[in-house]
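# Geometric and topological summary
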Amino acid sequence: MKMALVALLLPAMATAEDFWVGVFAKDTGYTDQSYTTSKSLSRLKTKIDNEWAKGYDIIDISYGHDVWMALYAKGTGYTQQAYMHRRDIKKFAQAVNAYAQQGFKLINVEYGAGEWVGIFAKGAKWQDTAFEYSRYRDDFEKNIIKRWSEGYMLVDVEAAEGYWTGIFAKNTGFKSEAYVIVDEWGEVSPQIKAKWRDGYRLVNVEYTAGEWFLLFAEYPNPREELFANNEDIEDFRETIRKYWKQGYFLVDLADGRD
């Protein structure tokens, strides 16, 4: 099994700037992919509607550089999707419960420009999804351990406005999970390499309150994957095209800084 790593580190004088991070993988089950960028939520809504009309499903959203980037794919197995946003985390959690009553599962959460954004899907293989939020990281980590003991797996993480949030689910297909939190971007690559050697693969990379949260899972059949980062959006677009040509799909987006 070939394990690949691409780390496009920023020049030393630019490490304080935001940069985009992408996790790429093969054997995802996806058949096609697209992405959009938008300067506002209203424009994002229009672009999401346009991609839905083309048969794509949303798989991830990230906010950075004052831009919303939305990632789409075909072959997800979803039968219907929805999205919503709220400024208040408690109202966001209430909306998540309301969508759950309609049969929608929360699959992605992102914060940007003062808004919590949720992506939902019907037809998702995940079962019994749960959304958790905590004021403190220690409490959030206790929630992770508690959920693991109940048979859940953590599938998405977001931290903003003093809150740590996570989506947990059953029937993920993961054999086990692990996570690492590091302070500096330079520590990310060694941690990922170490987990790859242990048989884990990246599920989610998030920049959380000045730290990098790296979520890993053990798959029944380890997939080939790599990650890359670019400060400039146009360079990141070129990176995406490069790995698409090599048969990879972009499976996770993040924006952060060193």
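Look above for the structure.
Residues numbered from 1 in each chain as written. Predicted model: local features only at pLDDT ≥ 70, side-chain atom pairs only at ≥ 80, totals over all residues. Heavy atoms only, no water.

## A word on the overall build of the chain
Looking only at helices and strands, the chain features five helices and 15 strands. Taken against the 2.2 N^0.38 rule, which gives 18 Å for 258 residues, the C-alpha radius of gyration of the chain at 17 Å falls within 12% of a compact globule. In terms of principal-axis extent, the alpha carbons of the chain reach across some 45 × 40 × 35 Å. Burial status across the chain gives 55% buried among its 258 residues. Contacts in the chain between residues at least 24 apart in sequence constitute 71% of all its contacts with a sequence separation of at least 6. By element, 45% of the accessible surface of the chain is carried by carbon and sulfur atoms, the whole surface being about 11,500 Å². (Helix = DSSP H or I, 4+ residues; strand = E, 2+ residues; numbered from the N terminus. Rg over C-alpha atoms; globule rule 2.2 N^0.38 Å. Buried < 20%, exposed > 50% of the residue type's maximum accessible area, 1.4 Å probe, protein only. Contact = heavy atoms within 4.5 Å. Areas by Shrake-Rupley, 256 points an atom, 1.4 Å probe, with all protein chains shown as cover.)

## What to know about the sheet that holds strand β9 (residues 153-160)
The strand order across the open sheet formed by three strands is β8-β10-β9, and the pairing between neighbours is antiparallel. In the strand order of this sheet, the two ends are held by β8 (127-134) and β9, each with one partner. Between one strand and the next, the sheet's axes are offset by a mean angle of 15°, whatever the strand orientation. Pairing between β8 and strand β10 (residues 163-170): six bridges, direction antiparallel. Bridge pairing links Tyr 133 to Thr 165 in β10. (Pairing = 2+ DSSP bridges. Axes fitted to C-alpha atoms, helices over the stretch in contact; angles between N-to-C directions.)

## Observations concerning the nonpolar core
One recurring pattern in soluble globular proteins: nonpolar side chains tend to sit buried together. Core analysis: the biggest nonpolar cluster contains 52 residues, and Ile 61, Phe 92, Trp 116, Phe 120, Phe 131, Leu 154 and Phe 213 have the highest contact counts within it. In contact with Phe 131, not counting residues within four places along its chain, are Ile 89, Phe 92, Ala 93, Val 96, Leu 106, Val 109, Thr 165, Gly 166 and Ile 167. Among the nonpolar cores identified, the runner-up in size contains 21 residues, and Trp 185, Leu 202, Phe 216 and Phe 227 belong to it. (Core = buried A, V, L, I, M, F, W, Y, C linked by side-chain atoms within 4.5 Å.)

## Examining the pattern of salt bridges
Two side chains with opposite charge may pair up if their charged atoms get near one another. One pass over the full model with this rule turns up 13 salt bridges. Taking the shortest distance from any N to any O, the salt bridge between Lys 175 and Glu 218 comes out at 3.7 Å. A residue pair is termed long-range when its members are at least 10 positions apart, and Lys 175 in the loop between β10 and β11 (176-182) and Glu 218 in strand β13 (residues 211-218) qualify at 43 residues. Assessed through its relative accessible area of 23%, Glu 218 is described here as partly exposed. A salt bridge links Arg 223 to Glu 225, with the nearest nitrogen and oxygen atoms 3.2 Å apart. When its relative accessible area of 10% is taken as the criterion, Arg 223 is described as buried. The class of Glu 225 is buried, set by a relative accessible area of 2%. Here the salt bridges share partners, and the residues they tie into one network are Glu 132, Lys 146, Arg 147 and Glu 150. (Salt bridge = Lys/Arg side-chain N within 4 Å of Asp/Glu carboxyl O.)

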